[in-house]
Each structure stands twice: as structure tokens, then as C-alpha cells.
Amino acid sequence: MIPEAVLNGTYVRLRPLSVDDAEAVYAALGQARHDLWTYMPFGPFYSVADASEYLRYMVDQPDWRPYIIEVDGLVQGFKSYLRIKPADGVIEIGSIVFSPQLQRTTAATESVYLMMRHAFESGYRRVEWKCDALHAVSRRAAERLGFRYEGTFVNATHYKGRSRDTAWFAVTAEEWPDRRQRLEAWLDPANFDEDGDQLRPLSAFDEPHN
């Protein structure tokens, strides 16, 4: 399995998730708009008990490693490594839920970068991202972060009363050095002004890749 670790960045901190985080998770996500949950097989969380139930599910999965996302010491969501296959060197980043305050922030981008970096530094050969094919926001995020679209699996699963087609994205170990350089250049504090606004968008650091 992937080594369990606290992942510290410039803007965000990821630490292993515990069921004891349920109250803080509910505080961050309990008032979120319902459309946050449209493409999630779980949620919304209407109570601390709801949050606790799903955190317990995450912790109990033998091939998951869930993380809490903290910004300035406050819980702002969670995400997980899942479907971890050490023998094949394959790992997925998923079950991602950002609070409204975390969405579209530098910290949100860095949180994915930290998990990608940790996976490749731990010897994994392939990091995957999968989402509902209708989830345009998740698809754009994957491509913005450097994941390559590989195709869509039709009728891959079902949840909340409907069938889901699943879009697959991935970054391989061979692709990672270029992706890493691009993300680190954008995340450099020198790329942000005193108000925290980016000076150059992530797309400005793009390099042609296959």
C-alpha cells in the first residue's frame, strides 16, 4: 500500500482521515448547496451522523487511503486514494469533496498536486482520475491538472437512481516530470500577488504533450 503520511504544502495540509473528523466535516460541508453532491454516490450530509457514516465507510475500505484537507487549520473537505493496486503500480485519486470555500482556490489545486507527487514518489506508475461523464467541472479539473483523457466506459455503474458512464483520465510516471514542473511553476508563491491572485494562469505553463 501507499505509505501513510501527512502531506504539507504551501497553501494546504492533507492528513489521514479519521471518523473523529465527522463533526468538522459536517461543519464544512453540511450547509453546502445540494448540487455539490449531484455526481457523488453519497451525500448530502444532513447531520454529523451522516458525515460519520460515510467517513467510516472510507476508513473501512481496504484499498483506500482517505485524507482530510485543511487550510489555515480548518477542515475544508476530504479526498482519498482508492482502488490502490501496489502490484500493478496503479492508484486513483477520488471521492473528492471540496467545501464551497475551497473550490476554485490555489489550495484546491495544490491538494491534488500533493497526492500526485506522493503517489509517484512512492513508486506508483500510474495515477488515475475517474468521474461521471456528465460532470463537466470534474472533467475540466482533470484536464487542467494534466490528466490525459483515455475514454468513457458506458453503463459503468449506477447510483442515485440512474446509470453512470465513467470518464477515465490518467497521468503516468513517464508523463509526471513535465506535469510536476508545470504545477510547481504555477504554485510558486512568486506567481501570486499580495492578495493571493494568480499572475499567470496554469495554462500559461502548458507544454505540448501526448
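Please read these numbers as outputs of a predicted model, since none were measured by experiment. The numbering scheme is per chain: residues are counted from 1 as the chain's sequence reads. Note on the predicted model: pLDDT of at least 70 is required for a residue's local features to be given, and 80 or more for side-chain atom pairs to be given and counted; whole-chain, interface and lining totals, by contrast, use all residues. Excluded from the side-chain calculations are hydrogens and water; all other atoms, namely the structure's heavy atoms, are used.

Engineer: Could you clarify how one ought to interpret the overall build of the chain in this entry?
Structural biologist: When helices and strands are counted, the chain shows 5 helices and 8 strands. Reading the chain from its N end, one meets helices and strands in the order β-β-α-α-β-β-β-α-β-α-β-β-α. Here the globule rule is a power law, 2.2 Å times the number of residues to the power 0.38, and the radius of gyration is based on C-alpha atoms. Compactness check: the chain gives a C-alpha radius of gyration of 17 Å against a globular reference of 17 Å for 210 residues, within 12% of the reference. For the C-alpha atoms alone, the extent of the chain along its principal axes is close to 45 × 40 × 30 Å. A buried classification covers 48% of the 210 residues belonging to the chain. Under the scheme used here, helices are H or I runs from DSSP no shorter than 4 residues and strands are E runs no shorter than 2 residues, and both carry numbers assigned from the N terminus. Three labels apply to residues, based on accessible area from a 1.4 Å probe with only protein chains included: buried if under 20% of the type maximum, exposed if over 50%, partly exposed otherwise in between.

Engineer: Could you clarify how one ought to interpret the sheet that holds strand 7 (residues 148-159) in this entry?
Structural biologist: Strand pairing in a sheet is mediated by backbone hydrogen bonds. Such pairs are either parallel or antiparallel. Two strands pair if DSSP finds at least two bridges between them. Read from one edge of the open sheet, 8 strands run 1-2-3-4-5-6-8-7, paired in mixed fashion. For this open sheet the edge positions go to strand 1 (7-8) and strand 7, each flanked by a neighbour on one side alone. Looking at chain direction, strand 2 (residues 13-16) and strand 3 (residues 65-71) are connected through 4 bridges and run antiparallel. Directly across from P16, in strand 3, lies its bridge partner Y67. The contact definition used throughout considers only heavy atoms, calling two residues in contact when any of these lie within 4.5 Å. Simply put, an axis is a line fit to the C-alpha atoms, just over the touching stretch for a helix, and the angle between two N-to-C directions goes from 0 to 180 degrees. Relative to the sheet, helix 2 (residues 48-60) contacts strand 3, strand 4 (74-85) and strand 5 (90-98), its axis offset from that of strand 4 by approximately 35 degrees. Helix 4 (residues 136-144) contacts strand 6 (126-132), strand 7 and strand 8 (162-172) of the sheet and is inclined by roughly 160 degrees relative to strand 6.

Engineer: Sorry if this is basic, but what is going on with the packing of helix 1 (residues 22-29) against helix 2 here?
Structural biologist: To characterise two packed helices, one gives the angle between the axes of the helices and the distance between these axes. It is the contact of helix 1 with helix 2, at a shortest axis distance of 8 Å, that shows an interaxial angle of 115 degrees. Where helix 1 crosses over helix 2, the handedness of that crossing is right-handed. Contacts from A22, E23, V25 and Y26 of helix 1 reach helix 2 at V48, A51, S52 and L55. Broken down by class, the residue content of the contact of helix 1 with helix 2 amounts to 6 nonpolar, 1 polar and 1 charged. The handedness criterion is simple: a crossing whose near helix is rotated anticlockwise from the far helix by less than a right angle is left-handed, and one whose near helix is rotated clockwise is right-handed. Residues are grouped as follows: Ala, Val, Leu, Ile, Met, Phe, Trp, Tyr, Cys and Pro are nonpolar; Asp, Glu, Lys and Arg are charged; all remaining types, including Gly, are polar.

Engineer: Whenever I open this one, the environment of A204 confuses me. Can you help?
Structural biologist: Positionally, A204 belongs in the segment after helix 5 (176-187). Expressed as a C-alpha distance, the spacing of A204 and A185, which sit 19 residues apart in the sequence, is 9.9 Å.

Engineer: What am I meant to see in the packing of helix 3 (residues 106-121) against helix 5 here?
Structural biologist: For the pair helix 3 and helix 5, interaxial distance at closest approach is 11 Å and the crossing angle is 150 degrees. If you check the angle between helix 3 and helix 5, you find them roughly antiparallel. Once helix 3 is placed against helix 5, the crossing between them reads as left-handed. Between helix 3, through T106, T109, E110, Y113, M116, R117, F120 and E121, and helix 5, the contact on the second element is made entirely by W176, R180, L183, E184, W186 and L187. Its residues assigned to classes, the contact of helix 3 with helix 5 comprises 7 nonpolar, 2 polar and 5 charged. What sets the label is the angle itself: under 35 degrees gives roughly parallel, over 145 gives roughly antiparallel, 65 to 115 gives roughly perpendicular, and the rest give oblique.

Engineer: Sorry, what's going on with the pairing of strand 3 here?
Structural biologist: Within a regular beta strand, the side chains point alternately toward one face of the sheet and then the other, so they alternate between its two faces. The buried fraction of strand 3 is high, at 6 of 7 residues. As defined by bridge partners, strand 3 adjoins strand 4 across 7 bridges and the pair is classed as antiparallel. Across the sheet, R65 pairs through a bridge with Y81, a residue of strand 4. Linking strand 3 back to strand 4 in an antiparallel pair, the connection comprises 2 residues, with D72 at a positive phi of about 50 degrees.

Engineer: Would you take a moment to explain a negative patch on the surface for this structure?
Structural biologist: Residues form patches when they are more than 30% accessible in relative terms and have no salt bridge. Like charges link within 9 Å. Nonpolar side chains (Val, Leu, Ile, Met, Phe, Trp, Tyr) link within 5 Å. In this description, accessible areas are obtained by the Shrake-Rupley approach with a 1.4 Å probe, and a residue is regarded as covered only by the protein chains that are shown. By definition, a salt bridge exists where a carboxyl oxygen of Asp or Glu is found within 4 Å of a side-chain nitrogen of Lys or Arg. Counting rule for charge: Lys and Arg are taken as positive, Asp and Glu as negative, and neither His nor the chain ends is counted. To locate a charge, take NZ of a lysine, CZ of an arginine, CG of an aspartate or CD of a glutamate. A cluster of acidic residues, D193, E194, D195 and D197, forms a negative patch at the surface. Following the sequence through the fold, D195 ends up in the segment after helix 5.

Engineer: Got a minute to help me understand the pairing of strand 6 in this structure?
Structural biologist: Where burial is concerned, most of strand 6 is hidden: 7 out of the 7 residues are buried. The path from the first strand over the helix to the second decides the hand: if it runs clockwise while the strands point away from the viewer, the crossover is right-handed. At this point the chain moves from strand 5, through helix 3, to the parallel strand 6, and the crossover so formed is right-handed. Two strands pair when backbone bridges link them, and strand 6 and strand 8 are joined in this way by 7 bridges, in the antiparallel orientation. Each residue of the ladder has a partner; that of E128, found in strand 8, is A170.

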